[in-house]
Amino acid sequence: MSSAQSRLFLEWSVRQPWIVVVGILVVTIFFVAQIVDFRSGAMRLGIDASVAGLLPGDTPDRMDLESLERTFGEREPVIVALGVNDVFQASSLRAVDALTRELYRLPGVVEVMSLATVDTLRSEAGETFVEPLVSRISDNPASLAQLRREILGNRLYAGNLVSQDGSTAVILVYFDEETLESDSQGSLLHGVAETARQHAAQAEVFVTGAPYVKAATAELLLRDFTSVFPLAALATVGVAIAVFRTVAGVVVSCSGVLIGVAWILGGLAWLGRPLNLVTIIVPPLLLSVGFAYVVHVVSDYVDEVRLPGSRSRRVEALQKTLGSVGLPILLTGLTTIAGFLSLVVSPFAAVREFGFIAVVGVAVTVFLSLTYAPALLALFPTPRRSKHSGGSTGWIEFLARRLADFSFEHRQAVMLLGGGALVVSLLAASQIRVNTEIIENFPQGHPVRTGFMAVSERLDGGNSFNVVLKAERPDAFLDPRVLAPVDDFETWLESQPEIGSVTSLLDHLKLIHRTFRDDDPAFETIP
C-alpha cells in the first residue's frame, strides 16, 4: 500500500467512524469469546508451565531427552507422601493399600505404585518366594518386624517407596499423558491431593512431583495474571485521567490498548496456543507500548482542537492529527517490531514465540492507534477549550517543564549522575545468576513448596534425572563384563553429596542374585 493510499485509508476511517468502530468491536467480541467461555465463565486460554519450551531444539541435550521419551515414554509421577509414626504397622500398611486403590480409581490414572502394589522376594529353606507385600500384612509383630527388615534392606524400595527410618510411605501416581495435557484446569491433579487427604486423614499428606508442580505453577501464573493485569489496566486508566481529564481521552486511550491485548490473547486461544513462562509477559508489555502510541493521537488531537482561535471541525482536526503523528507512530512501531524480530532467531522455542507474538501485538496496537482511536474520537463531541490553553498549564505540564529546566541548568551534574548510574548498573548486572529452581517461585508455606521440601528431606530427594547408556551391539547389557563398569559408575554417583540414591537394572539383578543365595547380603552383586 503506497503512502497516498495509506493516507486515504486513514482519512476514510475518520469520515466513516461508525463502520470502523463497530467493525473493530465485532472482531473484539469474537476474540474475547475465545479467551473466556461466556456460559461458564471459565478461561479458555491455557498456560503451559513446562520448561520444555525453554530448551533449545537442536542441542544434544534436547535430542537426548526426546530420544529418551521415544524409547521409554514420558513417565513423570505425582508423588504422594504419607507421614506416619511407623509405616510397618498393620494399620499404616492397610491405609496405604486403601489409598492406593482409591487413587487408581481416579480418571486418567494408568498406574499406581506403592508398598501395596510391589512384590517381595524372600528365600526360605532353599526356595524363593515372590509374594505381593499386601498379602503379608498381619497383626503379628514378628511378621511385621521381618517385613520391615526385608523392605528397608531392599534398595529398590528403601528411600523410594518408604523412608529409611520407616516414618513415611510414598505412593507414585501415573497419569495418561493425553488426559493430563487436556486437563487445563489441573482438576485431575487436585483430585489426587483431595483423595489423599480424605482417605489418609490420620497421616501428614504431602503431594509433589513434576506434573503436580507444573499444574500448580500454571495455576499460580494464571492467578497472578488475572490479578496483576487488571491492576495494570486500572493504573493505565488513572494515568489517562490525570493526563487528559476528559471522558473522550480516557475512553479512547484505554479502550484502544485493551482491545489490542484482547485481540492477541484471543488469537492465541483461537489457535490453541497457551501462554508459557515467557509469553505471559506479553499482555502488560502491549499495555505499556500500545498506550504510548494512542496517547500521541489523543494528545495531538486535543491540542489541535484547543488552539486559540481554532475553528477546525472534528474531522479536519483528526486529519491534521493523523498527518502530524501518523508517520512518527508508524516508524516507532516499525523500529519496535524490528527489535522484537531479533528474538525469532533465538534457539529457545519459548523466546521465539515471544518474539512472534510481540511483533504481531505491536503491529495490532499501531493499527488500532491509527484507525480505531481517531474513529472513536470522531464520535465524541469536540473537547471544549481548556482554561489552561490561554497560557497557564496543568500540573503535569508544570512538572515536566520544571524537570526540563532543572536538567538543562544542571546538565553536567545530571550527566555525571547518569554515567555513575550506568557504571553501577553494569557492575550489578554482572552479578545476575540464573535460577532454574521453579519450586522457589512458590512462597514459604505454600502446599506445593512444603510438599516438595518434605519429600526431599524424608526420602532420597524430590528431583530425579535419567542417565541413558547405549551400547554399539545388541544384547550388550546381558554381558557381566559390560555391566561391571556400569556398576562402578553407579557407585561413583552414589558417592556424590548431591545424589540421594541411584536405581538401575543392576539393582534388580543384585536383588535376585542375593535372594537365590538364601538372602545372604554378601551375594548382592552382579552374578
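Just so we're clear, the structure is a prediction, and the values are computed from it rather than from any experiment.

*Asks:* Sorry if this is basic, but what is going on with the packing of aromatic side chains here?
*Replies:* Two aromatic rings, taken as a pair, are described by how far apart their centres are and by the angle between their planes. In this structure the tally under the stated criterion is six aromatic pairs. Their ring planes at 50 degrees and their centres at 6.1 Å tell us that Phe-31 and Trp-263 sit as a pair that is tilted. Here Phe-31, found in helix α2 (residues 17–35), pairs with Trp-263, found in helix α9 (residues 247–270); they are 232 residues apart in sequence, far enough to count as distant. With centroids separated by 6.0 Å and ring planes inclined at 80 degrees, the aromatic side chains of Phe-340 and Phe-354 adopt a geometry described as edge-to-face. Placement of Phe-340 in helix α11 (residues 314–341) and of Phe-354 in helix α12 (residues 349–370) is noted, with a sequence separation of 14 residues between them. Under the relative-accessibility criterion, Phe-340 is labelled buried at 14%. One aromatic cluster is present, built from ring pairs that chain together Phe-30, Phe-31, Trp-263 and Trp-270. We note Arg-411 situated over the ring of Phe-408; from NZ or CZ to the ring centre the distance is 4.6 Å.

*Asks:* How should I be thinking about the nonpolar core in this particular structure?
*Replies:* A general trend in soluble globular proteins is that nonpolar side chains are found buried together. With 65 residues, the main nonpolar core has Val-362 and Leu-377 as its most contacted residues. Looking at this core, the elements with two or more residues in it are α2, α8 (210–244), α9, α10 (282–305), α11, α12 and α13 (372–379). Not counting chain neighbours up to four residues away, the residues in contact with Val-362 comprise Leu-286, Val-289, Tyr-293, Gly-333, Thr-336, Ile-337 and Phe-340. Listed in part, the 57 residues of the second largest apolar core include Val-162, Phe-175, Val-192 and Ala-454.

*Asks:* What is the right way to read the packing of α2 against α9 from this model?
*Replies:* In a pair of packed helices, the angle between the axes and the distance between the axes together describe the arrangement. Relative to each other, α2 and α9 sit at 50 degrees, their axes nearing to 7 Å. With respect to each other, α2 and α9 are oriented oblique. Here α2 runs over α9; the crossing is left-handed. Taken together, the residues of α9 that come into contact with α2 (itself represented by Ile-24, Leu-25, Val-27, Thr-28, Phe-30, Phe-31, Val-32, Gln-34 and Ile-35) are Ile-259, Ala-262, Trp-263, Leu-265, Gly-266, Gly-267, Ala-269 and Trp-270. Considered class by class, the residues forming the contact of α2 with α9 number 13 nonpolar, four polar and no charged.

Cut-offs used in this document
Residues numbered from 1 in each chain as written. Predicted model: local features only at pLDDT ≥ 70, side-chain atom pairs only at ≥ 80, totals over all residues. Heavy atoms only, no water. Phe/Tyr/Trp six-rings, centres within 6.5 Å; stacked < 30°, edge-to-face > 60°. Helix = DSSP H or I, 4+ residues; strand = E, 2+ residues; numbered from the N terminus. Buried < 20%, exposed > 50% of the residue type's maximum accessible area, 1.4 Å probe, protein only. Lys NZ or Arg CZ within 6 Å of the ring centre and 35° of its normal. Core = buried A, V, L, I, M, F, W, Y, C linked by side-chain atoms within 4.5 Å. Contact = heavy atoms within 4.5 Å. Axes fitted to C-alpha atoms, helices over the stretch in contact; angles between N-to-C directions. Parallel < 35°, antiparallel > 145°, perpendicular 65-115°, else oblique. Left-handed = near helix turned anticlockwise from the far one by under 90°. Nonpolar A, V, L, I, M, F, W, Y, C, P; charged D, E, K, R; others polar.

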